[in-house]
Structures are given as structure tokens and as C-alpha cells.
Amino acid sequence: MAPLRSPLSRLFTVLLAGVLAGLVLAVAALPGNLLFGLVTRSALGAYAALPDALRTPATPQRSYLYANDGKTLITTFYDVNRTDVPLSEIAPVMRQAIVAAEDRRFYEHGGADLRGLFRAVVANVKGGGTEQGGSTLTMQYVRNVLKTDPTRTAEERAEATEQTVGRKLQEIRYASALEETLSKDEILNRYLNIAYFGSGAYGIAAAGQRYFGKDPGQLTLAESALLAGLVQSPDAYSPIDGDRDTALARRSYVLDSMVQTKAITAEQAAQAKAEKLVLHPTAQSNGCTATAQGHDDWGFFCDYLRRWWLTQPAFGATTEEREQALRRGGYTVVTSLDPKIQATAQKQATDVYGYDNKNALPIAAVEPGTGRVLAMAVNRHYSLAANPQGQENHPNTVNPLVSGGGGVEGYQAGSTFKLFTMLAALEAGKTLSTGFDAPAKLPTRYPDNGEGNCDGHWCPANANPDWMDGYRMMWDGFGRSVNTYFVWLAEQVGQDKVVEMAQRLGITFRADADARFAEENAANWGSFTLGVAATTPLDLANAYATVASEGMYCKPLPVTSVTAPNGERVAVADPSCKRVLDVDVARAATDAARCPVGQQSAFGQCNGGTATSVNDILGGRPVAGKTGSSEENATETFVGFTPQVAVAGIAANPDDATVSVGSAVQGKVIDAVAHVISTAVQGKPEKDFTAPSRELAGEPHRPADRPPARRERTDDRQRADDPGSLLERWLAGRG
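Residues numbered from 1 in each chain as written. Predicted model: local features only at pLDDT ≥ 70, side-chain atom pairs only at ≥ 80, totals over all residues. Heavy atoms only, no water.

### Description of the nonpolar core
In this structure, Trp309 and Phe420 are the most contacted members of the largest nonpolar core, which totals 114 residues. If we skip the residues at most four places from it in the chain, Trp309 touches Phe315, Arg322, Ala325, Leu326, Tyr331, Val333 and Val562. Among the nonpolar cores identified, the runner-up in size contains 61 residues, and Ala100, Leu182, Ile194 and Ala228 belong to it. (Core = buried A, V, L, I, M, F, W, Y, C linked by side-chain atoms within 4.5 Å. Buried < 20%, exposed > 50% of the residue type's maximum accessible area, 1.4 Å probe, protein only. Contact = heavy atoms within 4.5 Å.)

Printed below as a string of C-alpha cells:
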């Protein structure tokens, strides 16, 4: 049944018929050389006035995200599913089929086929069948470019399809201009790369994949004829979304047309018509919730990359423009994601906690010296799928549990923050051998009227007095995670210096209460060194990576290269690094960080650690790190690093950070992070840390009556009844 036409459509065709009839009669009356001159001058003048999109196509294209090998596809982003391919990569039968289907006189006219156009208009005025367009491939190309040009406004794009005589005449003028400046093959190539083939596929590359799972160079005669037949009415003819019988009828029409253009023989057409329609529909992934099958864990990294992308001025002046660039710009993005490290991190996270566990173990891996993010894993599916009742964040979530942001403030990381106190002290001129007789409880200058206070002052305690109390230096104070030693040390250098150090190394205060304390009252934030501020595995890994790279802080970076459709590299993939620590200060902190993981400092001062299994897992390879337990074991954290990688994991309850994960999981978190480090350094040459200067090490000494060690314990948490009301008020302020 022929589609009904509106009175407005019929009026338009009547008017256009009159205009074109006059134009055809006028053309017929002109001498040939005069006609050629008029068309040429008109076309050249029109070319100068062509929109930029027609001279330099800026049609929407899909952006591709790959892992760091440049081959493993993570996902694609698009509003319009299309990818440009050169004509040489399109099967010859496909080129012939589209010409036969849409513009048999393509190689004969100069952009506008007036004879064919007039015939189509007359047929439409008479009615009685399907409307005929009469537009050449070149005219269709002009229309497609103008209606999809991402640089034009929505109103301008809508004007490209208005049913007006003026628009049609402008289309003819632009088409003639293009024919004067571009070859027929170039026009055909551009057309095939922009035409809509239905089912969301724009361009022949997307169409080949969408319908047959093939590249355009692999298409057969029957497949090519079917695709060419879809262009006239993509939604109605699509065998996926529309009518298979109609699609096959259009295929036969195209094959008959190819016989008329002598592209194929009648016998070849008959054979192609007899072929059964065998589809292999391939849905193209779109966005972070559509990562490669079986890899929904990659979605958390993808989401981080997208958030990063939206901050880059290179992709537009506004967030909206940058989002459009990602979805329509046709970029090829080679990310920093390492599939092997990611796989290990995901396995370790899910071995500690299953997908259905309310607790989570987000893990991040960062490359020192570049800031490139190598892995982001957590025991969650990155998915918008519904969760069972009462399970807000598991097993499915799209919240950035590893990187923070979007309402995710992070988690307390406990004694891992002692690193910032040690760095501040070293920078202030203190040495690694700075000694203090650490008591079981330490009265401080901070007022405190809460339970467990010491004469009205906050007095933190050591979790295991038998193993932690006594004369300590930075080496064994860090190795045994002695709370009273580091609170004392922070008082010596100033808590505000410790807070500033953490910020310098990239710790971001996403919780409002943390941000206010840091800005307004940092000097009195006595508990900061015990890790009461919320952070994320990514921030923590990157902070420790700064120490691993001997004081070079690099902004976290999720890409290794970004290439525009024209092949030019976008200057956003180079590491952004700056020196934030003196080299010797960083080396000294690293030397002390050898103690927690069961290794020995360059000066032989390690005598016990809270994560000694790391040395065994790494097989003695040089490594450093720190454990952290927050109040009541609400979280358990470990950060480890070598010169080549830094990895952090924080066990927590993302829905309620005050709910304890328990001390029993600490050993599992330590081992999980160590295994990720092991994968990251596998096959790489072993690199040792450089020892600090003797000047910064100082002169280690211990009182003769102080034995260096009694018994080990891997639990470095702060005692529950001792943080004081200052900490309690701070926690209450966070809600």
C-alpha cells in the first residue's frame, strides 16, 4: 500500500514541479558552452560559500576505548553509530549496489540530475505509488551532512530536511559545487560513510557489523544489495527492526537495477535472489554499562575515564561540548588499563568478598612517575540492573567506589596516613632516627572531655602495648604502626603541616566535614595522622606512587593516547607531573616503609612489621607499604609499592562506612594487594629502592634497657575507648 501524502507535501511537489519545469526549458534553450560556463561559475561560487562541514566533513562518529595494548576493546561511545572507512575497504559490489539503488546516472551527471528530478516530481504529482525523491547521491550526501553536522545547532540541522523549494535549490547548488571539486569516488566514499542503514547503523562500516557481523570489505553481492536497499526507508525495510519480506523485495529491486547498470549479469542476480537471508546481528556497545562481554568490572575504570574526559578543555569549552566530543567525535582512545593487572585485581577483590557481600574491597593500581591508572577493581558489577530489596549498592552499582566523586566520599584509611606525618617531619629536618619513648597512652594538648581522656586532654592509645610501646624511631614506629609515636611526631612538626603534605600528594577531601577541618582548623586536627579523613584507593595509591617515584607527583591519568579521526594526536595523554618532595626525603620515607612488609631498611633498623606476608608473596623483590585500621575496624587498608607500581585496597561497607568489616579481613586485604603488585611487576626487571643519605637517616641508637622487639601482631588499629571527644565530635559532624 502506498503511503498517504499530506496536502502540504503535494503542494510542495506541485510548486517544485513548476520551478523545475521552467528550469529544464531554460536549460534546453541555452547553447552548450554557455550552460557549462554558468554551471561552473555558479558551482565555484557556491563552493566558496559551502558550510565547513561539506568541505571538511565533521560528521558524528563513534569513539573507541581500548586497553593499553591498543587492541583490546573496552567499549565505544556514540550518539550516532558510525565509523569512516576508505573506499578501498568497501567491497566493489557494495559500491555498485548503492549506485544502482539510489542513482544509476551517478557517473554521468554533475551533481543534480535535472532529468531524473523532473521525472520524480511529475510522478509524485500524479500520485498512485510510492513517492520518488529524485535526489542524486551527491544531493543526498549534502542533506545527510547538514542534518548531522555536530557543529550546527539543532534548528540548523532541522532546516536541512525542510520541504521547501529554497532548500532543494540550495541542495542542488551545493551538490554541483562538490562535483566540481571532488572526484566521483570521493563523493561515493563520503556518502557510504554517512548514509543511514537502519537499526542504529550509520555508514557502511556500522551497517556491515550491525546486520552481518562483517567488515564492509567482506560483504557478498546478496548482502550488499540488501544493505543498499535499506537506504530509501531504513526503519521500514530493516530486517532486524522492520519487515524481512519487504527487505528481501528491496534486495531483488537492487539486484535488478544492478543488471540494468551492467554491474552484474542476470544469472548472478538470480543466484543472489535465491540466497536465504542469514543475519548475524551485532549490537555495538555504547558507554560504560556496555563494556566487552564478561568484563563489566571495566566499567568502573571507564566511568573514571569519562569523568576525566569531561574536565579536559581540549575537547570543548563546556562539559556539554566535551560529552558531545566523546560521543560524536570519532576518537580512538588507548587507555592506561592493563587487562592482566585488572584481572588479578578483580579476582582478588571478589575472593575476599563476593559480589553479593555488603562489604567491598575497591582496589586501584597506579604507575609511579606517570600517574597512569593501571587497574580499578571492586567486587561489584558495573551495571544499572536492579538489586534485591535492601541491597542498595550490591551486587550492581555505577557509583565510583574506587575513585570517589559523584557523592562517594571515600573511606577512612587508618594508619596509612602516618606516611604524611613522616614526610612532614623529614621535610622539617628531622631524621629517620628521631627517637621517642612511646607510651601506651599519650596525653596531647588537644582538649577532650570525653570518655577515656587524660586529665581533660585527648590521649590516643597503642592497639598492642606489648608490641608497640617503648623507644621507637621512624623505622620501627612505622613498621609496628605505633600510634603514640606518630601522634607525638605530628605535634612536633604541626598537624597543619601534615594535612598540607597529604593534600600535596593528592589526597582530596570529598567529605564536607573533612574539607572544613582542613581549611579552618588543620593545626588542631590531632587525629589526622591516624587516618580519620575519608579517602579512596585511587588517591591513596597515587600518593604512595609519589613516594615511589622519589617525590614526583603525577595527576592520575587514564589514557596513553587519544587520536582524532584525522589521525592527529590530541595533547592530553602526556603525564602531568611536578616535584613535590625532595628526592632524599622520599627515599627516606621509602626506607622506613620497607619495615611494615617484612623487609629490611638500608640501615638495618626494621624489627617487625604489620604486613610481613608481602615479602613472601613478592619473593623478596624490593617492596614497601603500610597497613591501616580505622576505629572499631570499620575499614582495613593496605598500600604497597615498588618503583614500578603502587596498589591500594580498602575493605569497607560503601553503604555505611561506620559498620565494621572486622580485623579478620586485614590479612586478606594485605595478600590481595600483594598479589596485584606481583602481577604488575611480572616479567619486568627487578628494581631496588635507592637508600637515603646518611644525613637524613641520622645516627640510630637505642637505650640499652629497651629491647627492640617482643612479639608481633598485624593489627595496628587504634583502641576504641581512646580517641577522645575531639575525634567523636568530628565523626558526629560527618553524620
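### Things to note about the packing of aromatic side chains
Per the counting criterion, the structure on display carries 22 aromatic pairs. Connected via pairs of aromatic rings, a cluster forms that spans Phe417, Phe420, Phe509, Phe517, Trp525 and Phe528. Over the ring of Phe478 we find Lys626, and its NZ or CZ is 5.6 Å from the ring centre. (Phe/Tyr/Trp six-rings, centres within 6.5 Å; stacked < 30°, edge-to-face > 60°. Lys NZ or Arg CZ within 6 Å of the ring centre and 35° of its normal.)

### With respect to the pattern of salt bridges
Two side chains carrying opposite charge are able to pair once their charged atoms lie near each other. Evaluated as defined, the whole model comprises 20 salt bridges. Of the charged contacts, one joins Arg327 and Glu323 as a salt bridge, the two residues approaching to 3.1 Å between their closest N and O atoms. With Arg327 and Glu323 both in helix α16 (residues 319-328) and four residues apart, this pair spans about one turn of that helix. Overall, the relative accessible area of 16% leaves Glu323 in the buried class. Measuring nitrogen to oxygen at the nearest pair gives 2.7 Å for the salt bridge that ties Lys347 to Asp351. Remark: Asp351 and Lys347 occur in helix α17 (residues 339-352); sequence separation between them is four residues, near one turn of the helix. With relative accessibility at 49%, the residue Asp351 sits in the partly exposed group. (Salt bridge = Lys/Arg side-chain N within 4 Å of Asp/Glu carboxyl O. Helix = DSSP H or I, 4+ residues; strand = E, 2+ residues; numbered from the N terminus.)

### Points about the state of the cysteines
Following the criterion strictly, the structure yields four disulfides and no others. In this model Cys288 forms its disulfide with Cys302; the gap between the sulfur atoms is 2.1 Å. Handedness here is read from the sign of the S-S torsion; for Cys288 and Cys302, about -75 degrees, the answer is left-handed. Linking Cys288 in the loop between α14 (266-274) and α15 (298-309) with Cys302 in helix α15, this pair joins segments that are 14 residues apart in sequence. Residue classification places Cys288 among the buried residues on the basis of a relative accessible area of 8%. Within the protein, bonded cysteines paired by disulfides and numbered along the sequence follow the pattern 1-2, 3-4, 5-6, 7-8. (Disulfide = S-S within 2.5 Å.)

### Focus on the packing of helix α4 (residues 92-102) against helix α13 (residues 244-260)
Where α4 contacts α13, the axes come no closer than 8 Å and their chain directions differ by 95 degrees. The angle between α4 and α13 places the two elements in the roughly perpendicular class. Two secondary-structure elements touch here, α4 through Val93, Gln96, Ala97, Ala100, Ala101 and Glu102 and α13 through Arg250, Tyr253, Val254, Ser257 and Met258. Class assignment of the residues belonging to the contact of α4 with α13 gives a composition of seven nonpolar, two polar and two charged. (Axes fitted to C-alpha atoms, helices over the stretch in contact; angles between N-to-C directions. Parallel < 35°, antiparallel > 145°, perpendicular 65-115°, else oblique. Nonpolar A, V, L, I, M, F, W, Y, C, P; charged D, E, K, R; others polar.)

### Here we look at the confidence of the model for the protein
When the pLDDT values of the protein are averaged, the result is 86; 85% of them are 70 or greater. Low pLDDT (under 50) marks residues 128-132, which in the prediction has ten contacts with non-local residues, meaning those over four places away or in another chain. In the predicted structure, residues 707-735 sits below a pLDDT of 50 and forms 100 contacts with residues beyond four places in sequence or in another chain. (pLDDT = per-residue confidence, 0-100.)

### A word on unusual backbone geometry
Note: most peptide bonds trans; most residues except glycine with negative phi. With omega at 5 degrees, the peptide bond leading from His394 into Pro395 counts as cis. Position of Pro395 among the secondary structure elements: in the loop between β6 (381-382) and β7 (396-397). If you check the backbone angles, Ser481 has positive phi at about 55 degrees while not being a glycine. If you trace the backbone, Ser481 turns up in the loop between α20 (474-479) and α21 (483-493).

### Re empty space enclosed by the protein
Evaluation of the coordinates by the stated rule reveals two cavities of 30 Å³ or more. Each pocket or cavity is described by its volume, and for the second largest cavity that value is around 40 Å³. For the second largest cavity, the full set of lining residues is Val366, Glu367, Pro368, Gly369, Gly371, Asn542, Ala545, Thr546, Ser549, Met552, Tyr553 and Cys554. Mapped by element, the contributors of at least two residues to the lining of the second largest cavity are α24 (537-548) and β12 (552-554). Grouping the constituent residues of the lining of the second largest cavity by class yields six nonpolar, five polar and one charged. (1 Å grid on protein atoms, 1.4 Å probe; cavity = no way out; pocket = protein on both sides within 12 Å on 5 of 7 lines; lining within 4 Å. Points joined across faces, edges and corners; volume = space filled by probe spheres on them.)

### Description of the sheet that holds strand β3 (residues 332-335)
If you trace the four strands from one edge of the open sheet to the other, you get β2-β1-β3-β13, paired in mixed fashion. The strands lining the two open edges of the sheet, one partner per strand, are β2 (73-77) and β13 (559-563). Ignoring which end each strand starts from, the neighbouring axes of this sheet average 15 degrees apart. The sheet contact formed by strand β1 (residues 63-66) and β2 spans four bridges and is antiparallel. Looking at the pairing, Tyr66 lines up with Leu73 of β2. In the packing of α15 onto the sheet, contacts are made with β1, β2, β3 and β13, and the angle to β2 comes to roughly 45 degrees. (Pairing = 2+ DSSP bridges.)

### Focus on the environment of Tyr382
Within the secondary structure layout, Tyr382 lies in strand β6. On the accessibility criterion, Tyr382 (6% relative accessible area) is buried. As for Tyr382 and Phe300, which are separated by 82 residues in sequence, their C-alpha atoms are 6.4 Å apart. If sequence neighbours within four positions are ignored, Tyr382 has contacts with Cys288, Thr289, Asp296, Gly299, Phe300, Asp303, Thr397 and Val398.

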